[in-house]
Amino acid sequence: MMGVFVLCVFAAVFNYLSASTEVCTNALLPGAKGDQGEIGEEGDQGKLGKNGPPGPPGLTGENGLVGEVGHTGKMGPSGEKGDKGDKGLDGPSGLKGKQGTTCDCGRYRRVVGQLDVNVGKLRNAVKFVKNVILGLKETEERYYLLVKEPKRFREASMNCKLRGGTLAMPKTTNTNRLMADYVSQAGLTRVYIGVQAQSKDTDGTSSYVYADSSPLQGFAAWNQDDLNSRISPATNSSCVELLSTGTWSHVECEATMFFICEFPKSRRRGGGRGIPASASS
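What comes next is a walk through the structure. (Residues numbered from 1 in each chain as written. Predicted model: local features only at pLDDT ≥ 70, side-chain atom pairs only at ≥ 80, totals over all residues. Heavy atoms only, no water.)

1. Some remarks on the pairing of strand 6 (residues 239-243)
Looking down a regular strand, the side chains alternate between one sheet face and the other. Rule in force here: Relative accessibility thresholds used throughout: buried, under 20% of the residue-type maximum; exposed, over 50%; partly exposed, between the two (1.4 Å probe, protein chains only). Only DSSP runs of H or I covering at least 4 residues are called helices, and only runs of E covering at least 2 are called strands; the numbering of each starts at the N terminus. For two strands to be treated as a pair, DSSP must find at least two bridges joining them.
Of all the five residues making up strand 6, four are buried; the element is thus mostly covered by neighbouring parts of the structure. Pairing of strand 6 with strand 7 (residues 248-251), which is carried by four bridges, proceeds in the antiparallel orientation. Bridging from a neighbouring strand, Glu241 pairs with Ser249 of strand 7. Linking two consecutive strands that pair antiparallel, namely strand 6 and strand 7, is a turn of four residues; a positive phi of about 100° is found at Gly246 within it.

Right under this line is the structure:
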């Protein structure tokens, strides 16, 4: 029985080997796995990929060493005032002083009293010099001097400047009234003041300014005739006079008449007030 099986197997193998070439070439079978090859050279570095998501925070590191002291910064603003502190302990007693001398208080009181009397007399003397001898009038800020020397307007203005002042400028009702009373008490009817026509406007009226070049603002005391007609007839009539009644009027600048100068009160050390230089006429 075994011999028959062997013959059958042998016959099948023989038939397979003797088959046509065409059939054999179309049935290729894979060969056995070859040996592992050698490792090749390292390739070029590839392109950078996109940033991946941030990783979780790491553990806190150890504290570093203390750095050097920096530069001193600018002083900051003062803080609020603090609460009052507790009272400190009493200090040790000082050394005993020398025995004082007996004070003659009555004597010193007499000296002080006499000084007050002398100061009062001096004030009255200064007031007498200003108001009687020099003939000055004054307000809180200025002195006024009536100069009884007939001069033209330009000469009067220069005379006041040489004395250290300017032609008087009545800029308020009170000042104008004081100057008018000054003129009336001196027995005069009119004087030059520091007001003059500067130029004519497009409507033919004149623009007036004070001696310090400031315009007339807030106050003027024109009489009725000059108030109705503010047109100066000529350049020579562009000056202004103050009448004893307190009103203003146009006047020719070539006319000669008395005039009033004004002087600022100069404040000296200690709050004293000075008398204008060359005030006497």
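2. Here we look at the state of the cysteines
Operational definition: The term disulfide is used for any two cysteine sulfur atoms that are within 2.5 Å.
All told, the structure shown has two disulfides when counted by the stated rule. What pairs with Cys160 in a disulfide is Cys261, and their sulfur atoms sit 1.9 Å apart. Across the S-S bond linking Cys160 and Cys261, the dihedral sits near -80°, which makes this disulfide left-handed. Residue Cys160 is found in helix 4 (residues 153-162), and its partner Cys261 is found in strand 8 (residues 257-264); the two are separated by 101 residues along the sequence. The same class applies to Cys160 and to Cys261, which are both buried. Through a disulfide, Cys239 is tied to Cys253; the S-S separation comes to 1.9 Å. With the S-S bond torsion at 105°, the cross-link from Cys239 to Cys253 turns out right-handed. Note that Cys239 is positioned in strand 6 and Cys253 in the loop between strand 7 and strand 8, a separation of 14 residues in sequence. Like Cys239, the residue Cys253 is buried in the burial classification. Take the cysteines of the protein that form disulfides and number them in order along the sequence; they join up as 1-4, 2-3.

3. Focus on the packing of aromatic side chains
Threshold: Only Phe, Tyr and Trp rings are paired, with Trp represented by its six-membered ring, and only when their centres lie within 6.5 Å; those with planes under 30 degrees apart are stacked, over 60 edge-to-face, the remainder tilted. Two conditions define a charge located above a ring, namely a distance within 6 Å from the ring centre to NZ of Lys or CZ of Arg, and an angle within 35 degrees of the ring normal.
Under the counting rule described, the total for this entry stands at four aromatic pairs. With a centroid separation of 5.3 Å and an interplanar angle of 80°, the aromatic rings of Phe153 and Tyr192 are classed as edge-to-face. A residue pair is termed long-range when its members are at least 10 positions apart, and Phe153 in helix 4 and Tyr192 in strand 4 (residues 190-200) qualify at 39 residues. When its relative accessible area of 8% is taken as the criterion, Phe153 is described as buried. Of the residues examined, Tyr192 reaches a relative accessible area of 0% and is grouped as buried. Residues Phe219 and Trp248 carry aromatic rings whose centres are separated by 5.8 Å and whose planes lie at 80° to one another, so their mutual orientation is edge-to-face. Of this pair, Phe219 sits in the loop between strand 5 (206-210) and helix 6 (224-228) while Trp248 is found in strand 7, placing the two residues 29 residues apart along the sequence. Here the two residues Phe219 and Trp248 agree in accessibility, since each one is buried. Members of the aromatic cluster, joined through ring pairs, are Tyr208, Phe219, Trp222 and Trp248. Sitting over the face of the ring of Tyr210, Lys171 holds its NZ or CZ atom 5.1 Å from the ring centroid. Positioned above the aromatic ring of Tyr143 is the side chain of Lys265, whose terminal nitrogen or guanidinium carbon lies 5.1 Å from the ring centre.

4. Details of the pattern of salt bridges
We count it as follows: Every case where a carboxyl oxygen of Asp or Glu lies within 4 Å of a side-chain nitrogen of Lys or Arg is listed as a salt bridge.
With the rule as written, the count across this model stands at nine salt bridges. Measuring nitrogen to oxygen at the nearest pair gives 3.1 Å for the salt bridge that ties Arg190 to Glu241. Of the two residues, Arg190 sits in strand 4 while Glu241 sits in strand 6, which places them 51 residues apart along the sequence. A relative accessible area of 35% means that Arg190 is categorised as partly exposed.

5. Comments concerning helix 4
Put simply, the rule is: Picture the helix axis, draw a direction to every C-beta atom, and the arc is the one those directions span.
Taken as a whole, helix 4 has its buried residues at Phe153, Ala156, Ser157, Asn159 and Cys160. Angularly, the buried residues of helix 4 cover 160° about the axis, an arc narrow enough to put them on a single face. Exposed and facing more than 90 degrees away from the buried side of helix 4 are Arg154, Lys161 and Leu162.

6. Observations regarding unusual backbone geometry
Non-glycine residue Ser213 carries a positive phi angle of around 75°. Along the polypeptide, Ser213 turns up in the loop between strand 5 and helix 6. Residue classification places Ser213 among the exposed positions, given a relative accessible area of 57%.

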